[in-house]
Amino acid sequence: MAQNASNLQIDSARLWGAIHETAQFGATPKGGVRRLTLGPEDKQVRDWFRAACEAAGCEVRIDALGTMFGIRRGRDMSRAPIGLGSHLDTQPTGGKYDGILGTLAALEVVRTLNDAGIETETPICIVNWTNEEGSRFQPAMMASAVYAGDFTTDDILARTDAEGISVGQALDSIGYRGAEPVGQLKLGSFVELHIEQGPILEAENKTIGVVDHGQGMIWYNGTITGFASHAGSTPMPLRRDALATLSEIVLTVEKLAKEHGPNAVGTIGEAVIQNPSRNVIAGDLTFTMEFRSSDEETLAKLDRALHPAVAEIAARRKVTVDLKTIWRKEPTHFDANVIKAIETATNALGYSNRRVTSGAGHDACNMNGVMPTAMIFVPCKDGVSHNELEDATQPDCTAGANVLLHTVLSLAGVAQ
Ligand SMILES: [Zn+2]
């Protein structure tokens, strides 16, 4: 007989066991995971995951970019399934939780419903997105981006890694190029559980982050052309120093982000001096720059303030600065109804919580463009991720999976 759905809880030990069992696929000596997308360790975890989904009674479908969908039947199969999941690939020195928690918690939700004998009205669908991390193939989140219509499948299949292996070849080499066109399986909505990858929940001692926004961003590539000349014989007033120019630009970016804060960050992450030498004034230099904010207007203001500030520095220092916008993504506003379902589930379960903005990109941000979507965050130790030291507690992971369970139940409905 079916149990009462309202006080259902996931099996914490089983979820924890799955996280640690799959962490062996690509385990690193420091306790992390190295599971580059579409590599041999990714095949191992995919095989494990497919077998687990099938054992849980799901029909597993694989699309042309290798994204895995495990469908649990609902009473009304004419309805588009509620999607829940994340990704199983990691950074080269990644952790055991980033992406993995959300995917294995989705599996745990299905196992829990099976054990309780609960049928949902709408089918539900566990998802493992291909290449969320973007470390072997770019762009990151490529499969969900194709699903959302931002790229074509053929474009992504032709992308190559550092060894010249294409996405298509990599999919074939592990046997995960599915026959189904990307996007053919239409989901009705999507919920992603993830570690926070930031310090706010831990600092405020909150168990659940109800994610209402994702940050937008603008990426720039810059070049500075000054004049390389002798470090000993060129007087200071006559110099056209590219590195000194960059230093002013770095401080300008920092100042602009602070002025527009707290909801704004700005970073220059890469800078390369061409032909560097200790006794030559830097003449040519390239750099990357980005701004992020969850508010469109703030992002636009930062961009508007940046260009004249950089032009003033360049003119005063008699150098040329070329700044190109190479990518712009507007902020994500997650769906009000899915956010409400998450918040209601969290409060009913009695977990402390707050609204948060996702600072990192996620497949859910792509999904939100084409279907109602929101995210659930749980704390991670010291806010660290993309690192072998990434850590999260069993009670927090369990709480996140319980919120996922009850959010999905409220979206899918319990069949009467
Ligand atoms: Zn992730």
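Residues numbered from 1 in each chain as written. Predicted model: local features only at pLDDT ≥ 70, side-chain atom pairs only at ≥ 80, totals over all residues. Heavy atoms only, no water.

1. Quick word on the state of the cysteines
Counted according to the given criterion, the structure contains zero disulfides. Here Cys125 is not disulfide-linked; the sulfur of Cys58 is the nearest cysteine sulfur, at 8.1 Å. Classification of Cys125 by relative accessible area gives buried; the value is 0%. No disulfide involves Cys380; its sulfur sits 9.8 Å from that of Cys397, the nearest cysteine. (Disulfide = S-S within 2.5 Å. Buried < 20%, exposed > 50% of the residue type's maximum accessible area, 1.4 Å probe, protein only.)

2. Notes on the pairing of strand 4 (residues 124–128)
Across the five residues of strand 4, five count as buried, placing the element largely inside the fold. Every second residue of strand 4 is oriented toward a common face, with Ile124, Ile126 and Asn128 on one face and Cys125 and Val127 on the other, all of them buried. The pairing of strand 2 (residues 68–72) with strand 4 spans five bridges and is classified as antiparallel. Paired with Ile71 across the strands is Cys125, a residue of strand 4. Sheet topology places strand 3 (residues 82–86) next to strand 4; five bridges connect them, and they run parallel. Within strand 4, the residue paired with Leu84 across the bridge is Ile126. (Helix = DSSP H or I, 4+ residues; strand = E, 2+ residues; numbered from the N terminus. Pairing = 2+ DSSP bridges.)

3. Overview of the packing of aromatic side chains
Under the definition given, this model contains six aromatic pairs. Geometrically, the ring pair formed by Tyr220 and Phe291 is edge-to-face, given 6.2 Å between the ring centres and 90 degrees between the ring planes. Here Phe291 lies in strand 10 (residues 284–293) and Tyr220 lies in strand 7 (residues 216–225), a separation of 71 residues in the sequence. Accessibility classification places Tyr220 together with Phe291 in one group, the buried group. (Phe/Tyr/Trp six-rings, centres within 6.5 Å; stacked < 30°, edge-to-face > 60°.)

4. Observations concerning the pattern of salt bridges
Counted under the stated rule, the structure contains 23 salt bridges. When the shortest N-O distance is used, the salt bridge between Asp212 and Arg355 registers 3.4 Å. With Asp212 in strand 6 (residues 208–214) and Arg355 in strand 13 (residues 353–358), this residue pair connects regions lying 143 residues apart in the sequence. One salt bridge in this structure joins Lys255 and Glu259, with 3.4 Å as the shortest N-O distance. With Lys255 and Glu259 both in helix 8 (residues 242–259) and four residues apart, the pair spans about one turn of that helix. Each of Arg75, Asp76, Arg79 and Glu121 takes part in salt bridges that share partners, so that together they form one network. (Salt bridge = Lys/Arg side-chain N within 4 Å of Asp/Glu carboxyl O.)

5. Details of the nonpolar core
Within the largest apolar cluster, 91 residues are counted, with the highest numbers of intra-cluster contacts made by Leu15, Phe49, Leu104, Leu107, Ile124 and Leu404. Among the elements that line this core, the one with the most residues is helix 3 (residues 100–116), at ten residues. Residue contacts for Leu15: discarding those within four places in its chain leaves Ile10, Leu101, Leu104, Ala105, Glu108, Cys397, Thr398 and Ala401. Listed in part, the 22 residues of the second largest apolar core include Leu285, Phe291, Leu299 and Leu306. (Core = buried A, V, L, I, M, F, W, Y, C linked by side-chain atoms within 4.5 Å. Contact = heavy atoms within 4.5 Å.)

6. Some thoughts on helix 12 (residues 394–412)
The terminal C-alpha atoms of helix 12, which comprises 19 residues, lie 26 Å apart, in line with the 27 Å expected from a rise of 1.5 Å per residue. Counting buried positions along helix 12 yields 15 of 19 residues, so the element is predominantly enclosed. Taking the backbone nitrogen of Asp396 as reference, a side-chain oxygen 3.1 Å away marks Thr393 as the first, capping residue of helix 12. Phi for Gly413, located one or two positions after helix 12, is positive at around 75 degrees. (Expected span 1.5 Å × (residues − 1). Polar contact = N/O pair within 3.5 Å; in protein donor to acceptor, adjacent residues only side chain to side chain.)

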